[in-house]
Amino acid sequence: MVVIEFIITLITVAIFARVILSFVIPMAGPRPHPLLINAATIVNQVTEPILGPIRRALPRFGMFDFSPMVALIVLWIIRVVLNSSV
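Residues numbered from 1 in each chain as written. Predicted model: local features only at pLDDT ≥ 70, side-chain atom pairs only at ≥ 80, totals over all residues. Heavy atoms only, no water.

1. Remarks on the packing of aromatic side chains
Then, in step 1: For the coordinates displayed, the defined rule picks out two aromatic pairs.
Then, in step 2: Ring centres of Phe 61 and Phe 66 lie 5.1 Å apart, and the angle between their planes is 85°; on these two criteria the pair is classed as edge-to-face.
Then, in step 3: A residue is classified by how much of its surface remains accessible, and Phe 66, at 32% relative accessible area, is partly exposed.
Then, in step 4: Each member of the aromatic cluster is reached from another via a ring pair, and the members are Phe 61, Phe 64 and Phe 66. (Phe/Tyr/Trp six-rings, centres within 6.5 Å; stacked < 30°, edge-to-face > 60°. Buried < 20%, exposed > 50% of the residue type's maximum accessible area, 1.4 Å probe, protein only.)

Here it is in structure tokens:
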């Protein structure tokens, strides 16, 4: 149970990092720092298996991507269900 809780926490942090980096990288100018690019690449590789299917299932809302919010809500529901069964 502790391992699942830890994995859910790591995924949640990675999703928040992806959202933050999606705002920071464009503001960094035409040549962002390589560490910033590497961090974004790693975070995208970790979160894309979760966010990709959600993104494909959601209808398009222009340039807004609501898949991180849906993923966080699903992770929260999983956490609540696991904690209530204990």
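2. Digging into helix α1 (residues 2–27)
Then, in step 1: For α1, spanning 26 residues, the distance from its first C-alpha to its last is 38 Å, which sits close to the expected 38 Å at 1.5 Å a residue.
Then, in step 2: Roughly 25° is the biggest bend found in α1, and it falls at Leu 21.
Then, in step 3: Looking at α1, one finds that the buried residues are Ile 8, Ile 11, Thr 12, Ala 14, Ile 15, Arg 18 and Leu 21. (Helix = DSSP H or I, 4+ residues; strand = E, 2+ residues; numbered from the N terminus. Expected span 1.5 Å × (residues − 1). Bend = angle between axes of the 7 residues up to and from the residue.)

3. Notes on the environment of Ile 4
Then, in step 1: You can see Ile 4 is positioned in helix α1.
Then, in step 2: Here the alpha-carbon distance between Ile 4 and Pro 53, two residues 49 residues apart in the chain, equals 21 Å.

4. Concerning helix α2 (residues 34–57)
Then, in step 1: Over its 24 residues, α2 extends 33 Å from the first C-alpha to the last, a length consistent with the 34 Å expected when each residue adds 1.5 Å.
Then, in step 2: The largest bend in α2 amounts to roughly 55° and is located at Glu 48, with the proline Pro 49 lying one to four residues further along.
Then, in step 3: When we look at burial in α2, the residues that qualify are Ala 40, Val 43, Thr 47, Leu 51, Gly 52 and Ile 54.

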